[in-house]
Amino acid sequence: MRLENKVAIVTGGGSGFGQGISELFAAEGAAVVVADINGPAAVAVAEAIGEAGGRAVGVQADVTKRSDVAAMVAAASENFGRLDILVNNAGAAHRNKSMLEVSEEEFDLIYNVNVKAIYLAALEAVPLFRKQGGGCIINTSSTAALRPRPGLTVYNGSKGAANIMTKSMAVELAPEKIRVNAICPVIGETGLLETFMGVPDTPENRKKFEATIPLGRFSTPADIAQAALYFAADEASFITGVCMEVDGGRCI
Ligand SMILES: NC(=O)c1ccc[n+]([C@@H]2O[C@H](COP(=O)([O-])OP(=O)(O)OC[C@H]3O[C@@H](n4cnc5c(N)ncnc54)[C@H](O)[C@@H]3O)[C@@H](O)[C@H]2O)c1
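Conventions adopted
- Residues numbered from 1 in each chain as written.
- Predicted model: local features only at pLDDT ≥ 70, side-chain atom pairs only at ≥ 80, totals over all residues.
- Heavy atoms only, no water.
- Axes fitted to C-alpha atoms, helices over the stretch in contact; angles between N-to-C directions.
- Helix = DSSP H or I, 4+ residues; strand = E, 2+ residues; numbered from the N terminus.
- Parallel < 35°, antiparallel > 145°, perpendicular 65-115°, else oblique.
- Left-handed = near helix turned anticlockwise from the far one by under 90°.
- Contact = heavy atoms within 4.5 Å.
- Nonpolar A, V, L, I, M, F, W, Y, C, P; charged D, E, K, R; others polar.
- Expected span 1.5 Å × (residues − 1).
- Buried < 20%, exposed > 50% of the residue type's maximum accessible area, 1.4 Å probe, protein only.
- Core = buried A, V, L, I, M, F, W, Y, C linked by side-chain atoms within 4.5 Å.

Asks: I would appreciate a short explanation of the packing of helix α1 (residues 16–27) against helix α8 (residues 221–232) in the present structure.
Replies: Packed helix pairs are characterised by how far apart their axes lie and by the angle those axes make with each other. Between α1 and α8, the shortest axis-to-axis distance is 8 Å and the interhelical angle comes to 50°. Classed by the angle they form, the pair α1 and α8 counts as oblique. Where α1 crosses over α8, the handedness of that crossing is right-handed. Two secondary-structure elements touch here, α1 through Gly16, Phe17, Gly20, Ile21, Leu24 and Phe25 and α8 through Pro221, Ile224, Ala225, Gln226, Ala228, Leu229 and Ala232. Its residues placed into classes, the contact of α1 with α8 shows ten nonpolar, three polar and no charged.

Take a look at the structure:
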């Protein structure tokens, strides 16, 4: 098992990519704090992991609130005695539409969840990593940061910021043996799919988007979880500051 004796937090772990990451990490031996603004969803994912023989606890946490983030990080220490891996995966998006139709409230929410939350989680987790002599942070970014689609300008900008935060944190925290990497998924089969497409989720509309991806399909939670597993495992001990496309060739 590649994550034996490690402890991870996965935000947005109650569904989609975060659920996939939580389940794979647990199957690879990690104890997982599944954190989500949707508390019951987080608890359900953690319970299913427990029933499958893994170790997990579900916590309700809004990643844009410092007090919730502090409690989420404390949950790792209290339940499992340490923290090795922080996955900033929770995300918010606006429906595909003109940037002129995006409200200020939507803008603030998207930047708070996709960018500020990375900073808030670092405030709480980095001191713990320092005490332990190192750690690993993984941010779920997007191909939106690298090859933006029209109609998603505000979301695209937030993921661009997430990529630069990833690289800047990687150089700033490297002396303390804290690695920071990002995953850039192409459009995937999760709760956010219809938001990104901006049109109903029909087979015809799916085909149009799939046609823009050289390998001809959407990303899945399993694809993203495998990339996260690589970054989290000791095999990647010399890998930091990488924003890796998991995109079937979309960004080429
Ligand atoms: N689905 C895609 O097409 C796609 C593509 C590229 C990147 N992403 C990114 O992947 C990540 C995961 O999204 P997903 O596609 O699995 O969608 P999803 O909607 O299935 O999962 C997102 C989870 O984040 C949680 N969440 C939202 N706001 C939160 C907050 N303030 N605090 C805590 N949890 C919160 C939600 O409750 C939900 O469980 C996001 O960062 C998203 O931007 C998604």
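Past the structure itself, the notes keep going.
Asks: Help me out: how do you make sense of helix α5 (residues 153–173) in this one?
Replies: Given 3.6 residues to a turn, an α-helix orients residues that are three or four positions apart in the same direction. The first and last C-alpha atoms of α5 sit 30 Å apart over 21 residues, in line with the 30 Å expected at 1.5 Å per residue. Taken together, the buried positions of α5 are Val154, Tyr155, Asn156, Ser158, Lys159, Ala162, Asn163, Thr166, Met169, Ala170 and Leu173. Those residues of α5 that are buried lie in contact with α4 (104–132), β5 (135–140), β6 (178–185), α6 (193–197) and β7 (243–246).

Asks: How should I be thinking about the nonpolar core in this particular structure?
Replies: The nonpolar side chains of soluble globular proteins are, as a tendency, buried together. In this structure, Ile9, Met72, Leu83, Leu86 and Ile137 are the most contacted members of the largest nonpolar core, which totals 30 residues. Contributing elements (two or more residues each) for this core: β1 (7–11), β2 (31–36), α3 (66–80), α4, α5 and β6. The element contributing the most residues to this core is α4, with eight residues. If we skip the residues at most four places from it in the chain, Ile9 touches Val33, Met72, Val73, Ala76, Leu83, Ile85, Leu86 and Val87.

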